[in-house]
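# Chains, contacts and geometry: an overview
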Amino acid sequence: MSSFHSFYGFLDMGGYAPFVWPAYAVTFTVMGLNIYWAKRLLRRARQAARRRIAVQEETHLAGPTEEPSV
Amino acid sequence: MAWTWFHRLASPPHIYRTAGRLTPWLAWPAALLIVAGLIGGLYLAPPDYQQGDGYRIMYVHAPSAWLSLMVYTIMAVAGGIGLIWRMKVAHAVAAASAPIGASFTLATLVTGSLWGKPMWGTYWAWDPRLTSELILFFMYLGYMGLRAAFEDVQRADRISAVLAVVGLVDVPIVHYSVVWWNSLHQGPSVMYLGKPTMPPSMLVPLLIMFLGFTLFFGAVLMMRLRGEVLLRERTATWVREAIRT
Amino acid sequence: MNEIAAQAPTEPLLMSQSRHAPSSLAVARLMLLRDLKLASRKASQLVQPLAFFAIVITLFPLAVTPELPKLRHIAPGVVWAAALLSSLLALEFLFRDDAQDGTLEQYALSGRSLTGLLVAKTAAHWLLTGLPLALMAPLAGAALGIPNAALPGVLASVTVGTVTLSLIGAVGAALTLGVRRAGALLSLLTLPLEIPVLIFGARAMKLAIAAQPYGAPLTLLAGLAVLGVTLAPLAVSAAVRINLE
């Protein structure tokens, strides 16, 4: 089944280990960062929306001179 | 009348909810496919008769390269749709795509140069594919730089959409001019992809990886899209409901 | 009924043929002449890109080698890279003054073709920077050891290539119209798009130096110019309109 005879052979990648493993590491780092950045963007957008709404509600409570929200 | 479903589909609250629901349905298959592709590509596939085990970089390099081009296309088409029909959601898709595409373009460059070292004897050769990829990376940087230069999201959306559409026209011209330039200089090009006879044990993991990376992009796009949609909704009441959860 | 019938033909007359409202084409020509006249009053604007071009050319013998046979080898690249960089210099201010004093806005509101006006400004830009660069390129080429017989080829390639450079540059200038201190961003946006011009232009020059027919790359260069003339004005006017909003 496998093309490698031993675990060491697998790690060695036929002598190409210094190129194969960093390539995989870089790609999966990029994928990990993408997930992290996406989560951070969503979190920040939610926080910003929450802050906006809080400000709106405050001005609503403050008095009748509210601007119509579109 | 026939367009009402379309407008409902493209309405920010609907997109926000759907994107949230879709995320796991894209993320889990992506994770499974990528793990399967890893096992197939790194472990089960036989070594190449010329490149030994070095060719296994292909399983991450080629899908990254595919994403770098596909995402640019999506970004430009979404931008164009946003310009023509003044659709906020389309602009949000374009904005969400750019950093993903740029990061995979960078991954393509790094993995390509790691592949190049054992094959060409040098980390960087002015190979037409890598050179086009480098120019594409600059285009992504320009797009994101232009976006960042505007305070107003609406204006950033529309201006950067014009750039993306111009870029989409120019990308094939750049690519073919670079290929033409390279053919004059007899540059080294020993990448694996042009090879017509790849045995199934090598090809199947590659196809699995292509699909896995594409779904991964879909999942990250959905997450970013929710954020971008929220950023574009200043005072809508649905936001109040949406962020309570 | 009678009133409508009487009014209908007068409206197009007012729009296009009245003495008080000159046609779009006439306005474009006036704009072109005005830009040329303005530039003739401020000679420094005309001279500075040329001086910059000359300085960049001078750097190479000093940095690489003063031996003409070696310089001749890199001359096409040096001349073209210098031309690309010089064409960037005046770009930032291509539409800026007219945007800031409201000329463009008035024009966009007037109902006449904004595109025509912007094309006229781009044409003026080419006449003021592209053409002088092209006329100076043979001089620079001779200084870099290009044989006299090849100088018409140098002139031809830079003349045709700078047309496209001005057009792409106009797109970049229009995109960054609303951005303060847009210099670096402008080069990041335009240079990647200009790479085909660099490739075909340098190739034509190289063939001319080798006393070989350079018609093929020159034709490709002309093709790019035609494509640019057709498509760039659309992008320029779209971007200017968005930035004026």
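Residues numbered from 1 in each chain as written. Chains lettered and ligands numbered in written order. Predicted model: local features only at pLDDT ≥ 70, side-chain atom pairs only at ≥ 80, totals over all residues.

### Let's talk about the interface of chain C and chain B
Here is the rule we go by: Note on contacts: residues are paired as contacts if their backbone-placed C-beta atoms lie within 7 Å. Numbering of helices and strands runs from the N terminus; a helix is a DSSP stretch of H or I covering at least four residues, while a strand is a stretch of E covering at least two. We call Asp, Glu, Lys and Arg charged. Ala, Val, Leu, Ile, Met, Phe, Trp, Tyr, Cys and Pro are nonpolar, and the rest, Gly among them, are polar.
Every contact between the two is made by 19 residues of chain C and, on the other side, 21 residues of chain B. For the side of chain C that touches chain B, the element with the most residues is helix α12 (residues 215-244) of chain C, which contributes 6 residues. By residue class, the composition of the side of chain C that touches chain B is 17 nonpolar, 2 polar and no charged.

### Some details on the packing of helix α9 (residues 151-175) of chain C against helix α11 (residues 195-209) of chain C
Residues and elements named next belong to chain C. Under the convention used in this document: All axes are obtained by fitting lines to C-alpha atoms, using only the stretch in contact for helices, and the reported angles, taken between N-to-C directions, cover 0 to 180 degrees. By the definition adopted for this analysis, an angle is roughly parallel if under 35 degrees, roughly antiparallel if over 145, roughly perpendicular if from 65 to 115, and oblique otherwise.
Across the interface, α9 lies against α11 with an axial gap of 9 Å and an inter-helix angle of 175°. On the basis of the axis angle, α9 is roughly antiparallel to α11. Across the interface between the two elements, G153, V154, S157, V158, G161, T164 and L165 of α9 pack against V197, G201, A204, M205 and A208 of α11.

### With respect to the interface of chain B and chain A
Taken together, the 37 residues of chain B in the interface contact 33 residues of chain A. Contributions of two or more residues to the side of chain B that touches chain A are made by α2 (12-44), α3 (58-85), α4 (88-120), α7 (200-232) and α8 (237-242) of chain B. Counting residues per element, the side of chain B that touches chain A draws most heavily on α4(B), which supplies 12 residues. Across the side of chain B that touches chain A, the residue classes tally to 23 nonpolar, 8 polar and 6 charged.

### Some remarks on unusual backbone geometry
Backbone phi values are negative for most residues with the exception of glycine, while trans is the configuration of most peptide bonds. The condition that has to hold: Any residue with 12 or fewer other C-beta atoms within 10 Å of its own C-beta is exposed, any with 20 or more is buried, and the rest are partly exposed; the C-beta atoms used are placed from the backbone.
The phi angle at A:M13 is positive, at roughly 50°, despite the residue not being glycine. Mapped onto the elements of the fold, A:M13 is located in the loop between α1 (7-12) and α2 (17-62). The class of A:M13 is buried, set by 20 C-beta atoms lying within 10 Å. Backbone geometry at B:R86 places phi at a positive 50°, although glycine is not the residue there. Its place among the elements puts B:R86 in the loop between α3 and α4.

### Points about the arrangement of the chains
Ranked by contact count, the leading pair among the 2 pairs of chains in contact consists of chains A and B. Kept free of each other, chain A and chain C leave a smallest C-alpha distance of 20 Å between them.

### Overview of the nonpolar core
Using the following cut-off: As used throughout, a nonpolar core is a set of buried Ala, Val, Leu, Ile, Met, Phe, Trp, Tyr and Cys residues joined through C-beta atoms within 7 Å of each other.
Formed by 169 residues in total, the largest nonpolar core has its most connected members in B:V162, C:V79, C:V171, C:A174 and C:A239. At 17 residues, α4(B) tops the list of elements feeding residues into this core. For C:V171, the contacting residues outside a window of four places in its chain are B:V166, C:A232, C:A235, C:V236 and C:A239.

### A short note on the environment of C:L46
Residue and element names in this part refer to chain C. Relative to the elements of secondary structure, L46 occurs in helix α4 (residues 43-63). Residue class for L46 comes out partly exposed when judged on the 15 C-beta atoms lying within 10 Å of it. Measuring from C-alpha to C-alpha, the distance between L46 and Y107 comes to 26 Å, with 61 residues separating the pair along the chain. Apart from residues lying up to four places away in sequence, L46 is in contact with A39, L128 and P132.

### Re the confidence of the model for chain C
Residue and element names in this part refer to chain C. The line we're drawing: pLDDT: the predictor's confidence for each residue, scored from 0 to 100.
Mean pLDDT over chain C: 86, with 91% of residues reaching 70 or higher. The least confident element of chain C, judged by mean pLDDT, is helix α2 (residues 10-17) at 41; the most confident is α9 at 95. Across the interface, the model reports ipTM at 0.89; the global pTM reads 0.89.

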